[in-house]
Structures are given as C-alpha cells and as structure tokens.
Amino acid sequence: MSQSDLLRPNLPEQGSIEHISRQEARIPVPEAFAAQANVTPGQYAEWYRESIESPETFWDARAKDFHWFQPYHRVLDWQPPFAQWFVGGQTNLSYNALDRHVDAGRGDKRALVWEGEEGEVREYTYAQLLDEVSLTAAALTRLGVKKGDRVTLYLPMIPEAVMAMLACTRIGAPHTVVFGGFAAGAIADRMVAAGSEFVITADIGQRKGEPLPLKSVVDEAIKLAEEQGQAVRGVLVVRHTGSDVTMQPGRDHWWHEARTDEREDALPLDSEHPLFILYTSGSTGKPKGILHTTAGYMIGAALSTYAALDLKDHDLFWCTADVGWITGHTYSTYGPLLLGQTTFMYEGAHNYPHWGRFWDMIGRHGITILYTAPTAIRSFMRHGDDTPAEYDLSSLRLLGSVGEPINPQAWHWYHRVIGAERCPVVDTWWQTETGSIMLTTLPGAHPAEPGTAGVPMFGIDPVILNREGEEMQADEGGFLTLRQPWPSMLRTVYGDDERYAKTYFGEIDGVYFAGDGARRSEDGYVTVLGRVDDVLNVSGHRLSTAEVESALVAHPQVAEAAVVGKPDEMKGESIFAFVLPQEGQTPDPQELRQYVSDLIGKVARPDHIVVAPALPKTRSGKIMRRFLRQIAAGKSIEGDTSTLDDPSVLERLAATPVE
Ligand code: 6R9
C-alpha cells in the first residue's frame, strides 16, 4: 500500500458523482429536533472535551448507568496495542439489556417488534424477551455449552436470532454470527477458526419469496468442518417455516423441544470476558475474527445509540442491518435493548413484494428512526419519488446511514423524499473493529454535511496522517487513524495477537489504522474517502479481493485471478475479476460465478469477468491492481507503467470483452 493508493480512481466521492462545496452544503439542525435531542451542542462540547482530556473520568461516569455484579477497580489499562477496560469488574450484557429493565418495572414495554416477509408480525415485551432468553440459555447449557465456548449462529432475521445472541452472552459463550448469504465453505472456515462445537440455525429462511435451506447448508458446513478436524457436538434448530429437514439424532435438537421450563440466570462475567467474535474481511484471503469483550462494547454500544441515534421512549427504531454484520449486532440488537427501547426487525428483501415495502412498514408500525445503508437508499432513489409518496412517513423523526460513503445526491434524496426535510440525517462512520459509531454529526448538535460523516464520538481522537505518521493539512487526503483507545474497540484478532498488532497498530506507529482514506476540514468534519487496502465494499458488504481470488483459482480451469472493485452507482462497488485460464482452457464466466457463489456465497459473486490473455505484473511478479482498477472503470491508463514486465498487456486487456 502506498500514499498514491489514496488517489486511486474508485474513491466513491470522485468520478461520476457531483461534488458540492462544503460549507454551502451544511444543513442546519431542525429547531424542533434540537429542542428534544438527547445531546445538545453544549453537552457534546463538554463531554467530548472531558472524554479526550480525562477519558477515565468520562467513562467511569458513563459506566454508572449499568449493573455491575462486582465493581471495577480501574477504568483503563492501556498497554499498546492491548487495552483492558473496567478492569476487575463483573457484569453481563444480557442482564443489562433485559433483567435490568424488568427489575426497574419496565417489563411491559415492547423490546422487539418483528415482521416476516409475508407480513406476519410478532412482538415481545422486555419481560417476554427475558423469559425467552432465559429459556434459551438453559437449553444451551443442557446442550453442553459452557462459559467460553464459541457458538456459531446461522440464522435468518427472526426474533430467535436476537434471543440466541442474548442467550449466549447470558452464559458467557461468545457467539459468532455468520451472515445468511455465506455458503457452507465460508461457515466451515469460520467454525474451524473459532473452534466452535455448537451451532444455532433454522430449518429454512425466506428471501423474495424463495426458501433458503439454512439447515442443509449447516449440515454441509459441519461435514466440511469435521473434515478439517473440528468436532461439532450440538446443533439447535429453530422451526421457522416448518419445512422438512434431516435431524441427526444425538447432535441436532429442535429449539422448541430443547427449551423446557428451566431458566438460566445471567452469569457474572469479567469485563474483558469475550463477548463475540465476528469474522470480517481484511487484505488477505483469511477472514479475521474480530474479538469484542463484555463491558467496553456494552458501554460503547449504549452511549452511541443514545447520542447518535437519539433513541428514547416512544421511539420505534429500525436498523435494517442483518445480524450477520456488526451493524446488526450493535444497532439492530444490543444498543436499543441496552437503552430499554424498542427495536424493529424485518426478515426479507427491501423490495419484496414491491418497492414500497419499507415505507409501508414504517407507516403501519409508526417507525420513528430509520438506520439503513446508502446502497438501499440509492436503489429506492432509482425507483423514483412516487413510491414513497404513497405512504405515510410522518412518524419518522431521524434518518441514519451506515456502511459506505453516501454520495450527496443520495443524501439529499433521503433527506427530502423520506425525511420531508424535517428529519436530520446522520452519516455514521465506523467498522466491525470499532464496535460502535466513531464519526457522525450528532442529530441535535451538529449541522450535517452531505457526503461527510462528521465529528468524532466521545473518546474518539481521529487524526489524518501520511505514511510517515505526519499530520496532513486541513482538507488534504491521508490515512484515517485514531489516536486514543476507546471502550468498544476490538481487543484482538481471535487467536492471532500478532495479526492484530500488525494490521491495526503496525502500519503507522502508535495509532489505530482504520484502512480508510479521509480528509478533515478546518473545523473538524471528517470526510471518509473509501478503503486504501484491498477490501471491497459491495452494497455495504465487506469482502476481500483475496478471498474472491482464492475461490477463483480453486477452479480447475483457472491459473490466476486478480479481483478489483469497479465503481457502481447502486452498489458503491461491484466485483470485477480478471481471470487467467490454465493453458488450453476457456473457462465459462457464468460457471465461474456459480463456482464462487458455491464456495463463499452469493455476496462474493463477480459482477464482471474478463478472461484475460495475461495479467499486468511487475518484474518481480506482483500484480499491479492499480491498472486493473483503471481498466475495470473503463478509464484510460494513468501512471507509470514502466515497472511492468510487459506494458502491452494493458492494451490487450482493455480490448478483451467483459462478460
Ligand atoms: C459499520 C460497518 C467498515 C468499512 C469502513 C469504511 C466503510 C462504513 C461508512 C463507511 C464512509 C460511512 N464505511 N461506514 N465509509 N462513510 N458512513 O460498515 O462495518 O462492515 O466492518 O465496514 O465500511 O470503508 O472501513 P464494516
């Protein structure tokens, strides 16, 4: 990676999308919103200053809102790059998200409202959800799950997914949720990497009216994991649609049968007890198991939900993210429940059975806060203003965006058509690794700048640096880094402290390296420019080019593959693969797509494939992706091609048809 990578042509804000001058573009906070906001400008300034100048005092005060089985004796122990927060304390996230509210007399308040794709609705109060979670925790214990055991979750967006997560955290068994779009091979890899002996899944999921055979995918994954030496002791299966599945006696148990009338209490856990592992893509083909721990994550999730998403009583909050991603962990599940508020959950596609589905649900349920991804906003935008106009969106009071940079055009559409210019829009930048929102405008405190995430959350000290660790001037592009540890930060890459240290604290000395490019304005607004490494962001889903490449080269007809992102108006980026065939072979692009889909999952299917006569390489054999990105984007070649072994490859490649 080099400084010049920051100038790579596919940074989302450049190219096809218009740029609006910065100060002009700021949209003031609507007065009515400011008057009721959880965090006012004065409060932000005061808290932010304290959080940077005396972080331990600040976080100590925030931690007071939670239940501690045993108080901590030290707020932070920072031995870079390893942090421990709330040292010596004992708490439990499940307890704080459920029991605490029921004990305080709020058991009748709605915790979760769910709608299925066919329109079925289920609701759970805090008392009911606590009961479900306690029953599930007892079932897991009977299954043999003990404190510290990793449990793999492969579930659709159904209430049982939330129950399973909270049941795991209740007994101190870190969950590792695998997104339902991943195939058996990807699940198996994650199970092996996590050493997971238990799985929770469902018979079948549903998307766009089509059944997703989850249990049989899990069966296949277990077979693959066992071939790699990973024993699997127990599988809990939710009967969701009631379809026929094969149950292996002794190993597989129905959720509704395994849960008897026993209930399990929340186990006091050390602050630093592993809470969950979530696999995400990095620069290599091997997914990284991002480890989050109990107390710090809990406090970061709750505070950010309160401050950036402004949740309060009477809100019905809908974060559309799947629980398979970090946003689904922190904001569909934990953040709102920790605050004792109501979270909405939907299983199914955003355009099923029609493009008005989201707006219909918002109107029918009275959803007040919507937190979704730019890719969804852009696809709605393409379908015009008429569809949302048919529905009652007057319950909405705040809109959020997450997952990728939002282009100003989409921002304005979201603000005008969905929010009727009444709702603030917050563009929140963060990562699986950061656990909670790092940069945003607070909806009642800061004017928003379309296309720019905004200012740091409490305790976050962003600084834009060059490779040498020197700070960039205002408005100059550089690497986005964070200077101070924060409670919800990842603790390590599971089982690989070295990779953790190298990836996040080894790029530039002494700071957390996010892997994104950014610039900061004179007055502190940070604009995120996109990844500076080989990580793709396809419809807000994070994938590594290396992962897709290794799937392609596993195909018998493929000798080599190079994958890059191509700017895409809808998806942000699409997957562009250059494939060098084995001598004498002509692989069929359609077959290659299916092959990748079978190995990793549909999310990784290449959109564009070039069966290449050769790949542009340096004399030392390194593929020059910079040029491939230019070819993929349909641009003319810019930059020094003299280091290439054979510069004529570029012309030949550009002339090869894209399939
Ligand atoms: C929460 C989440 C992280 C990567 C991150 C960046 C991109 C996320 C963004 C954004 C610009 C935003 N990203 N939010 N870029 N503006 N508001 O998405 O986590 O899946 O780990 O992805 O997504 O590139 O580095 P994760």
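Residues numbered from 1 in each chain as written. Predicted model: local features only at pLDDT ≥ 70, side-chain atom pairs only at ≥ 80, totals over all residues. Heavy atoms only, no water.

A.B. asks: Explain the pairing of strand S24 (residues 478-482) to me, please; I cannot follow it from the model alone.
C.D. replies: Remark: a regular strand shows side chains that alternate across the two faces of the sheet. Among the 5 residues in S24, 5 count as buried, and that is most of the element. In terms of strand pairing, strand S23 (residues 462-465) meets S24 through 4 bridges, oriented antiparallel. The residue bridging Val-463 from the neighbouring strand is Thr-481, located in S24. Of the strand pairs in this sheet, S24 and strand S26 (residues 512-520) are connected by 4 bridges, and their pairing is antiparallel. Within the sheet, the bridge partner assigned to Phe-479 lies in S26 and is Gly-517. (Buried < 20%, exposed > 50% of the residue type's maximum accessible area, 1.4 Å probe, protein only. Helix = DSSP H or I, 4+ residues; strand = E, 2+ residues; numbered from the N terminus. Pairing = 2+ DSSP bridges.)

A.B. asks: Please explain the UniProt feature "domain: Acetyl-coenzyme A synthetase N-terminal" (unreviewed entry) in the chain as it appears in this structure.
C.D. replies: Sequence positions flagged by UniProt for "domain: Acetyl-coenzyme A synthetase N-terminal" (unreviewed entry) are, in local numbering, residues 44-97. Secondary structure across residues 44-97 divides into 44% helix and 26% strand, with the first and last C-alpha atoms of the span separated by 25 Å. (UniProt positions renumbered as here; feature names shortened; annotations may be inferred.)

A.B. asks: Sorry, what's going on with the site of the ligand here?
C.D. replies: The environment of the ligand is formed by 17 residues, the closest being Asp-427, Thr-428, Thr-432, Asp-516 and Arg-542. Contact between the ligand and Glu-404: a nitrogen atom at 3.5 Å from a main-chain N or O atom of the residue. Side-chain polar atom of Asn-537 to an oxygen atom of the ligand: 3.4 Å apart, as the coordinates give it. Among the secondary structure elements, those contributing two or more residues to the shell around the ligand are helix H12 (326-338), strand S20 (425-428) and strand S27 (526-531). (Near = heavy atom within 4 Å. Polar contact = N/O pair within 3.5 Å; in protein donor to acceptor, adjacent residues only side chain to side chain.)

A.B. asks: What is the right way to read the packing of helix H5 (residues 93-103) against helix H7 (residues 159-170) from this model?
C.D. replies: The geometry of a pair of packed helices is captured by two quantities: the angle between their axes and the separation between those axes. Viewed as axis vectors pointing N to C, H5 and H7 meet at an angle of 120°, and their least axial separation amounts to 7 Å. Taken as axis vectors, H5 and H7 run oblique relative to one another. Judged by residue contacts, Leu-93, Ser-94, Tyr-95, Ala-97, Leu-98 and Asp-99 of H5 engage Leu-166, Thr-169 and Arg-170 from H7. Its residues assigned to classes, the contact of H5 with H7 shows 5 nonpolar, 2 polar and 2 charged. (Axes fitted to C-alpha atoms, helices over the stretch in contact; angles between N-to-C directions. Parallel < 35°, antiparallel > 145°, perpendicular 65-115°, else oblique. Contact = heavy atoms within 4.5 Å. Nonpolar A, V, L, I, M, F, W, Y, C, P; charged D, E, K, R; others polar.)

A.B. asks: Looking at this model, I keep getting lost on the packing of aromatic side chains. Mind explaining?
C.D. replies: Think of a pair of aromatic rings as described by two things: how far the centres are apart, and how the planes are tilted against each other in angle. One pass over the full model with this rule turns up 36 aromatic pairs. Taken together, the aromatic side chains of Tyr-44, Trp-47, Tyr-48, Phe-58, Trp-59, Trp-68, Tyr-72, Trp-85, Phe-86 and Phe-458 make up a single cluster linked through ring pairs. Stacked on the ring of Phe-58, the Lys or Arg Arg-62 has its end atom at 4.6 Å from the ring centre. (Phe/Tyr/Trp six-rings, centres within 6.5 Å; stacked < 30°, edge-to-face > 60°. Lys NZ or Arg CZ within 6 Å of the ring centre and 35° of its normal.)

A.B. asks: Can you help me understand the pattern of salt bridges in this one?
C.D. replies: If charged atoms from side chains of opposite charge come close, those side chains can pair. Applying the stated criterion across every chain, the model contains 37 salt bridges. Notably, a salt bridge pairs Glu-262 with Arg-142, separated by 2.9 Å at the nearest N-O pair. Linking Glu-262 in the loop between helix H10 (255-258) and strand S13 (269-270) with Arg-142 in helix H6 (residues 126-143), this pair joins segments that are 120 residues apart in sequence. Note that Glu-197 and Arg-233 form a salt bridge whose closest N and O atoms lie 3.0 Å from each other. Taken together, the residues span a long stretch of sequence, with Glu-197 in the loop between helix H8 (184-194) and strand S8 (198-202) and Arg-233 in the loop between helix H9 (214-227) and strand S11 (234-238) at a distance of 36 residues. For Glu-197, a relative accessible area of 24% puts it in the partly exposed group. When salt bridges that share partners are traced, they join Glu-115, Arg-357, Asp-360 and Arg-364 into one network. (Salt bridge = Lys/Arg side-chain N within 4 Å of Asp/Glu carboxyl O.)

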